[in-house]
Amino acid sequence: MDIAIFGTGIVGRTLAEKLVAQHHNVTIGTRSPEETLARLDADSMGNGPFCDWHVQHTNVSLATFAEAAAVSEAIVLATNGGGAVASLEAAGAENLGTKILLDLTNPLDFSQGMPPTLSVVNTDSLGEMLQRAFPLVRVVKTLNTVSTQVMVHPEAVAGGRHNVFLSGNDSDAKKSVGQYLQSWFGWTSESIIDLGDITTARGTEMYFAFWVRTFLASGNPLFNISIVR
Ligand SMILES: NC(=O)c1ccc[n+]([C@@H]2O[C@H](COP(=O)([O-])OP(=O)(O)OC[C@H]3O[C@@H](n4cnc5c(N)ncnc54)[C@H](OP(=O)(O)O)[C@@H]3O)[C@@H](O)[C@H]2O)c1
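A quick note: this is a predicted structure, and the numbers were derived from the prediction, not measured. (Residues numbered from 1 in each chain as written. Predicted model: local features only at pLDDT ≥ 70, side-chain atom pairs only at ≥ 80, totals over all residues. Heavy atoms only, no water.)

Colleague: I tried to follow the pattern of salt bridges on my own but got confused; where do I start?
Modeller: Oppositely charged side chains can form a pair if their charged atoms are brought close together. Within this structure, the stated rule accounts for six salt bridges. Across the pair Arg202 and Glu128 runs a salt bridge whose closest N-O atoms are separated by 2.8 Å. You can see Arg202 sitting in helix α10 (residues 201-206) and its partner Glu128 sitting in helix α7 (residues 126-133), a full 74 residues away along the chain. The exposure class assigned to Arg202 is partly exposed, which follows from its relative accessible area of 23%. (Salt bridge = Lys/Arg side-chain N within 4 Å of Asp/Glu carboxyl O. Helix = DSSP H or I, 4+ residues; strand = E, 2+ residues; numbered from the N terminus. Buried < 20%, exposed > 50% of the residue type's maximum accessible area, 1.4 Å probe, protein only.)

Shown next, in the form of structure tokens:
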């Protein structure tokens, strides 16, 4: 499958590695491939420059957001929250069409330091903002409640017996994303909970406030929640 991943950070890189290992064609989208490859500094989380990663992963293409969207069947959105809408604007509605967009973003605001606050809460969400800006794109919010290691290795936590969520307006798109989570990343069908329409992204995005405090208390991002009844 031809898959675009918007985002050159640790999430984009981790997912790309997992997907090319399964022989998918992966194009990572960025604002400027030249500038991204020319950067030599680590990011604020200590991840090395993209160019160092890319020389080890030459089977992953790097392109502008528009070029990546144009050649893909589905798009994974893994930019920072502040750049999410802008990345889709740069991709262009004509290249996005009615494609499925797996929205992994959280609307994090680091302007007041750590832990970050959320730039949109309660009565709106980043997922809804994306869906409003691009009504034809089939936005499905998912995987934003787990660290990138857990996204692609759910079995690393409690043998995979924990949950991941889907929020989106298009039932068929959510079914497809549920299948992607299973075949691409190894989630089980029992672990996937469809929360409802895209407004339910408010819940999973605001969960970040709890996620980050749990992480800061333990220093370990390998955890998740399990819904038990
Ligand atoms: N890290 C995790 O474990 C984790 C877990 C769950 C969810 N998330 C979410 O996943 C997303 C990606 O996280 P990350 O840590 O991998 O990367 P990140 O550092 O949050 O984002 C890097 C990406 O954002 C793009 N970007 C920044 N400003 C932009 C702008 N104004 N317009 C367009 N694009 C812009 C960058 O583009 P360039 O390539 O052009 O520089 C880069 O590709 C975030 O929304 C995060 O909240 C992360």
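Colleague: How should I be thinking about α7 in this particular structure?
Modeller: Helical geometry: 3.6 residues make up each α-helical turn, so side chains three or four residues apart lie on a common side. Listed as buried for α7 are Leu126, Gly127, Glu128, Leu130 and Gln131. Buried residues in α7 make contact with β4 (74-77), α5 (84-91), β5 (100-103), β8 (138-141) and α10. (Contact = heavy atoms within 4.5 Å.)

Colleague: Before we go on, may I ask you to explain the site of the ligand in this structure?
Modeller: By nearness alone, 25 residues border the ligand, and Thr8, Val11, Thr30, Arg31 and Thr79 come closest of all. Between the ligand and the protein, one listed contact pairs an oxygen atom with a side-chain N or O atom of Arg31 at 2.9 Å. Here an oxygen atom of the ligand sits 3.0 Å away from a polar atom, N or O, in the main chain of Thr148. Mapped onto the shell around the ligand, the elements with two or more residues apiece are α1 (10-21) and α8 (148-152). Among the residues making up the shell around the ligand, the classes are represented as nine nonpolar, 14 polar and two charged. (Near = heavy atom within 4 Å. Polar contact = N/O pair within 3.5 Å; in protein donor to acceptor, adjacent residues only side chain to side chain. Nonpolar A, V, L, I, M, F, W, Y, C, P; charged D, E, K, R; others polar.)

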